[in-house]
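# Summary of structural features
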Amino acid sequence: MNSTLSACDYDTAVRADFLHFVDDPDRNDQACQYLKDGLLLLKQGRVVSLEKYNGDLKDSALLYNYSDKLIMPGFFDTHTHYPQTDIIASYGAQLLEWLEKFTFPTERLFCDREFADGVADFFCDELLRNGTTTSAVFATIHPESVDAIFSAAQKRDMRLIAGKVMMDRNAPDYLCDTAESSYAQSAELIERWHQKGRSLYAVTPRFAPTSSEQQLEAAGQLLKDYSGLYLQSHVAENHAEVAWVAKLFPDRRSYIDVYDHYGLLTERAVYGHCIHLDETDRQRMAETGAAMAFCPTSNLFLGSGLFSIADAQSQNVRVGVATDVGGGTSFSMLQTLNEAYKVSQMAGQTLTAMKAFYLATLGGAKSLYLDDKLGNFAVGKEADFVVLDLQATPIMKRRMAKADSITDQLFALMMLGDDRAVFATHIMGQCQHSRGS
Ligand code: GUN
Ligand code: ZN
């Protein structure tokens, strides 16, 4: 322990093995820091120090002893839909048909606050069960659905980004707002939730086909009228969708150019999918600071295509990983990394375990512009973390016995692990999920 610290400098101590990133492992071979038998000291939920455990601990501190477990920063899910929880794993359609057949009818139910509360509570518990501590979440067009998800997150003290879906055309009447009402309702929600506690608001036009030009303008106006907002949407996921956008916006060079035209490519803008883009599109994303959310389970499930991490990286675009539930088929970031590896294989690329866990932690934080607060155990950061059990299942136990390095262990963890490997999840230092309790 840091010998200059006294007992009143911290209120919580956590003993375990620790692994975190201070940089992108593809760009810096010292990026990963692995500490066997470490001690993380916290005060009021923030990191005070992380050092080798030396057996000396003031007994006034609350001690979490996870000495046979591996702690990492909590995972970032950079794009997901809580109202789609109940339609996860719905058979047999690609994007546009899937939206009509499963998504819109279920999103209709979120006009009911009590119903929305029930799903939001389940969803946040599921995030915690899977070690996900920060997430960028779509609600529905109903303001009640936004109140429900922020309330559920606040009950658990989670840092969560969310927003009301804006959608005024090409959707059933029961799911349409207007340019004016979507501006007014979003503004009211921003005033109620944005930067209140750990909540952050995202202006959320669903995707270009379901917003009129006036509504896309209204979304841009919200970004101008309030500071520090996020913007989340979808882009270039599916070939039929891309062709539809070209028809709806004939004057725009590309799908990304539609969003660019309305001022929606900015810092803190996060776009799900980004599969069918060209070099100019990626260049604009890099120049503007917008981020891509790579959604491997969803892209495979809906047959959308193969995202290229290498293309994003070579053009310096920010990238995070995302479950995209319920197009995505798992809440588990470990399973999401598993599928990300396979997508990369199919695209003739590779995804190392180091890069994968970087993307799920510090890389995710950077893509959401939260790396000043989260993403690793640097002093002063908010202590959201996941406690991993590398021996969680019989096959993991056997495979780990053969692993001869931390890199190999991490790779086996992301290929074989799921919610069973998440022993506990802590938010601001406090245990919010513990397996078996
Ligand atoms: N594009 C527009 N809306 C959606 C959605 O809800 N899920 C996915 N995967 N893509 C979309
Ligand atoms: Zn999505």
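Just above sits the structure.
Residues numbered from 1 in each chain as written. Chains lettered and ligands numbered in written order. Predicted model: local features only at pLDDT ≥ 70, side-chain atom pairs only at ≥ 80, totals over all residues. Heavy atoms only, no water.

## Topic: the overall build of the protein
Under the convention used in this document: Strands are runs of DSSP state E lasting at least two residues, helices are runs of H or I lasting at least four, and both sets are numbered from the N terminus onward. Based on C-alpha atoms, the radius of gyration is set beside the globule rule, defined as 2.2 Å times the residue count to the power 0.38. Throughout, exposure labels follow a simple rule: accessible area from a 1.4 Å probe, protein chains only, divided by the maximum for the residue type, with under 20% read as buried, over 50% as exposed, and the rest as partly exposed. By definition, residues are in contact when any of their heavy atoms lie within 4.5 Å. Areas reported here follow the Shrake-Rupley algorithm with a probe of radius 1.4 Å; residue values treat only the protein chains shown as occluding. Under the counting rule used here, the positive set is Lys and Arg, the negative set is Asp and Glu, and His together with the chain ends is not counted. Positions of charges follow a simple convention, taking NZ of Lys, CZ of Arg, CG of Asp or CD of Glu.
The helix and strand inventory of the protein stands at 15 helices and 16 strands. Its C-alpha atoms give the protein a radius of gyration of 21 Å, near enough to 22 Å, the size a compact globule of 437 residues would have. Projected onto its principal axes, the C-alpha positions of the protein cover 65 × 45 × 40 Å. Here the protein, with 437 residues, has 60% of them falling under the buried criterion. Counting only contacts in the protein whose residues sit at least 6 apart along the sequence, the fraction spanning at least 24 positions is 75%. For the protein, the accessible surface area stands at approximately 16,300 Å², while carbon and sulfur atoms represent 48% of it. Between the centroid of the 40 positive side chains of the protein and the centroid of its 57 negative side chains there is a distance of 4 Å.

## Points about the nonpolar core
The cut-off we apply is this: Throughout this description, the term nonpolar core refers to a set of buried Ala, Val, Leu, Ile, Met, Phe, Trp, Tyr and Cys residues connected via side-chain atoms within 4.5 Å.
Counting residues in each nonpolar core, the largest one holds 112 residues, and the members touching the most others are Met 72, Tyr 82, Tyr 271, Phe 357, Leu 410 and Leu 413. Setting aside anything within four residues of it in sequence, one finds Tyr 82 in contact with Phe 110, Ala 116, Val 119, Ala 120, Phe 123, Val 137, Phe 138, Ala 139, Ser 145, Ala 148 and Ile 149. Phe 76, Leu 200, Cys 295 and Tyr 369 belong to the second largest nonpolar core, which has 15 residues in total.

## Details of unusual backbone geometry
Between Val 325 and Gly 326 the backbone carries a cis peptide bond, its omega angle lying at 0 degrees. Positive phi values are uncommon outside glycine, yet His 273 reaches one of about 90 degrees. Looking at where His 273 falls in the secondary structure, it is placed in strand S11 (residues 269-273). At Asn 316, a residue that is not glycine, the phi angle is positive and equals roughly 60 degrees. Counting through the fold element by element, Asn 316 comes out in the loop between helix H10 (309-314) and strand S13 (318-321).

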